[in-house]
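Coordinate inspection notes
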Amino acid sequence: MKQSLALLIMLMFSGTVLSETEGEWGYPMQPGESVWSIAHELLTDWREWKTIERLNNISNDRQMLPGTVLKIPRSLIRERQSDITILDVSGTVTAQVVMNDGSVKAHLPLVRGQSLGQGDQIKTSPQSSVLLEFDDGTQVLILENSLLKIKQATVVGSKRKVVDIKVFLEEGEAEIRANPAKVPGSQFLIDTPVAFATTKGTTYRVRAKEASTAAEVIEGKIGVENRLGGTTVGQGYGTLAKANQPPAKPKKLLPAPELPDLSAPIHYLPGKLVWNELEGAAKYRGQISPDQLFTSITYDSISNQPKMGLPASLQDKTYWLRVSAIGEEGLQGLSSVQKITVDARPFPPVRQAPRPSDAIYSGEVEFIWSRPEMAERFQMDIATDQRFETVTLHEEEISDTRFTATIMEPGHYYWRVTSVTSQGKVGPLGLAGEFTVKPVPAKPELQAPVSSEDEMFFSWNAEQDIAYYQLQLANDQAFNDIQVDETTERAELAIDKPQPGTYYIRVRAFDADDYAGEWTAPQQVEQPIENWWPLIFSGAATLLLML
């Protein structure tokens, strides 16, 4: 049979565990109190003090020790609905709220300053949290992916803010900073899927997951028990309670991981924080909050490695980082806390072209990038070294997301683009990209053609790093009527001797990337008539026909 689970947090000056039944309420007597004074503070009719004496078999209350628990019928207690205030909301948090007329409204978004009451149910989305505060100052931070219902929320008595709170944490996690004012008699009960009771817990965590519940004490001491057993968990220790098993023996929490110096502003998002491994750690948890007390969680991350990613959604401001290690059994250890500052806007553009693999040649080079939010204009640098110590080009007033630079000198280059807002704020330096400028294949120098009986032979000077050459022979200088178009890997080419006439020839070189250099200037080639007899006979025949 599945156990019911009750985590009873009762904060008082004594360490007595209160026992409660449905019709009775347990109150621990404080130093200097009497049944008569308690009746004036807690009961609807103070004259019922005799009923309290009779129910608890009291003959002389002056002889009762502080911490003695009085059984008081709930029907006699002065109670009113407690005000539960939402102090902070981060992310998306919704509630199923019980209205004054008893109707229920679901999926209502919660906002700071809103009040909740008995019967309301709270649900937090991923990367979301909500901080509740009760009348006695108790604060409960409900973390992401949690579902918590307020089963009871009342204030007992007329003057002191004694609270009687019962909540049910169906799943998820809550951090509890209990009763900082030490109001005597305040009771805080949290149900989860495994039953245990605790006292004197000042600051602690409770996580409900499937059939187990973890409790870790950061400050104070708690007692954990269920129907199968119990144990006391001191400061710096934790325990696991599972269904149908007694609570495990408390185990010392892992120490806080040692963080590096993080005082330098974080300029690049998404980013990453790294720290040293901790012996015994199976996982690490990093949390980011806008305040040192962690009243809200802006970002929550669990990793198998001693590091955490920083999302681009973090705004430019000061945060607090909290890092803890998680043991193999699932208990979360003590935390290191350090202040961090994000100053990453405007974001650097995303480089689009050129890419390192692009074939780029001396001359005009086009650079293209994105326009991040808040970027009004850009600064651009080109250098011959990755540290940009030797800058060959620096442009400050670029409004477009592309720029054409003339680079004649072949070599390896680095480039970066930095965003600037309309107010003149210069963002973090853009991340460096690299590219290589190759020399344009050299223009060949044509030699005078040489003819044989059947061929015409062309040659030119050979150049380095040339894969092949292209030769064209045309009837016109514009090369609209091309007679020969051939390629060769050698700096020479023989073609069939053309018919007599005037021709034009040109040559260009290609490198291994198939990039073409410039054509040579067209050169005129005359192919003379080498045998006149055919023309003489042809002319004579034509003349005879005309006669």
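Once a new chain begins, its residue numbering starts again from 1 and follows that chain's sequence as written. In keeping with the predicted nature of the model, local features appear solely for residues at pLDDT of at least 70, side-chain atom pairs appear and are counted solely at 80 or more, and the whole-chain, interface and lining totals rest on all residues. With hydrogens and water excluded, all non-hydrogen atoms of the structure serve as input to the side-chain values.

Take the overall build of the protein next. Strands here mean DSSP runs of E at least two residues long; helices mean DSSP runs of H or I at least four residues long; both are numbered from the N terminus. For the protein, the helix and strand inventory stands at three helices and 42 strands. Put simply, the radius of gyration uses C-alpha atoms, and a globule should come to 2.2 Å times the residue count raised to 0.38. Over its C-alpha atoms the protein spans a radius of gyration of 43 Å, topping by over 25% the 24 Å that the globule rule assigns to 547 residues. If you line up the protein on its principal axes, its C-alpha atoms span 160 × 50 × 50 Å. The Shrake-Rupley method, run with a 1.4 Å probe, gives the accessible areas here. Residue values count only the displayed protein chains as cover. Total accessible area on the protein is roughly 28200 Å²; 49% of this is exposed by carbon and sulfur atoms. Note that His is not counted, nor are the chain ends; the positive residues are Lys and Arg, and the negative ones are Asp and Glu. We put the charge of a Lys on NZ, of an Arg on CZ, of an Asp on CG and of a Glu on CD. Charged side chains of the protein number 52 positive and 71 negative; the gap between the two group centres comes to 18 Å.

Moving on: the sheet that holds strand β31 (residues 377-383). If you walk across this open sheet you meet the five strands as β29-β35-β34-β31-β32, and the pairing is mixed. Unpaired on one side and paired on the other, β29 (360-361) and β32 (391-398) mark the two borders of the sheet. Following DSSP output, two strands are said to pair if at least two bridges run between them. Pairing geometry for strand β34 (residues 411-420) and strand β35 (residues 433-438), over five bridges, is antiparallel. When the sheet's bridge partners are listed, Trp415 is paired in β35 with Gly433.

With that settled, consider the pairing of strand β23 (residues 283-289). For β23, a buried count of six out of seven residues is recorded, marking the element as mostly surrounded by other parts of the structure. Sheet analysis places β23 next to strand β24 (residues 299-303), joined by five bridges and oriented antiparallel. Among the inter-strand pairings, Gln287 is bridged to a residue of β24, identified as Asp300. Only protein chains enter the accessibility calculation, which uses a 1.4 Å probe; a residue whose area is less than 20% of its type maximum is buried, one above 50% is exposed, and one in between is partly exposed.

Moving on, we get to the pairing of strand β25 (residues 307-310). Look at any regular strand and the pattern is simple: side chains alternate between the two faces of the sheet. Covered by surrounding structure in β25 are Met308 and Leu310 only, the residues Lys307 and Gly309 on the alternate face being uncovered. Looking at chain direction, strand β22 (residues 271-274) and β25 are connected through four bridges and run antiparallel. In the strand pairing of β25, Leu273 is matched with Met308.

This brings us to the sheet that holds strand β40 (residues 492-496). If you walk across this open sheet you meet the three strands as β36-β37-β40, and the pairing is antiparallel. At either margin of the open sheet sits one strand with a lone partner, and together these are β36 (450-451) and β40. Bridge count for strand β37 (residues 455-459) against β40 is five bridges, and the pairing is antiparallel. Looking across to β40, one finds that Phe458 is bridged to Leu493.

This paragraph deals with a nonpolar patch on the surface. A grouping of Tyr268, Leu429 and Leu431 is seen on the molecular surface, where their side chains present a nonpolar patch of about 280 Å² in accessible area. The topology assignment puts Leu429 in the loop between β34 and β35. Each patch is built from salt-bridge-free residues with over 30% relative accessible area, joining like charges within 9 Å and nonpolar side chains (Val, Leu, Ile, Met, Phe, Trp, Tyr) within 5 Å. Within this document, salt bridges are pairs made up of a side-chain nitrogen of Lys or Arg and a carboxyl oxygen of Asp or Glu, the two lying within 4 Å of each other.

On inspection of all chains with the given rule, the structure shows 25 salt bridges. Here Arg345 ties to Asp316 by a salt bridge, and the two come within 2.9 Å at their closest N and O atoms. In this pair, Arg345 sits in the loop between β27 (332-341) and β28 (351-353) while Asp316 sits in the loop between β25 and β26 (318-326), placing the two residues 29 residues apart along the sequence. The partly exposed category is assigned to Asp316, whose relative accessible area is 28%. Between Glu397 and Arg377 there is a salt bridge, with its nearest N and O atoms 3.3 Å apart. One end of the pair, Glu397, is in strand β32; the other, Arg377, is in strand β31, and 20 residues separate them in sequence. The structure contains a network of salt bridges with shared partners spanning Glu173, Arg205, Arg207, Glu216, Arg285 and Asp300.

Our focus in this paragraph is the confidence of the model for the protein. On average, residues of the protein carry a pLDDT of 88, and 91% of them reach 70 or more. Each residue carries a pLDDT value, the predictor's own confidence for that position, ranging from 0 to 100. Contact definition: two residues touch when any of their heavy atoms are within 4.5 Å. Confidence drops under pLDDT 50 across residues 1-19; counting only partners more than four residues distant or on other chains, this segment forms 85 contacts.

Let's shift gears to the nonpolar core. We define a nonpolar core as any set of buried Ala, Val, Leu, Ile, Met, Phe, Trp, Tyr and Cys residues linked to one another through side-chain atoms lying within 4.5 Å. Leu110, Leu116, Ile122, Val130, Leu132 and Ile150 are the most contacted members of the largest nonpolar core, which totals 30 residues. Going through the elements one at a time, β5 (84-90), β6 (93-98), β10 (129-133), β11 (139-142), β12 (147-156), β13 (162-177), β14 (186-191) and β16 (201-209) are the ones with two or more residues in this core. In terms of residue count, β13 provides more of this core than any other element does, six residues in total. Core analysis: the second largest hydrophobic core is formed by 21 residues, Ile288, Leu321, Ala325 and Ile340 among them.

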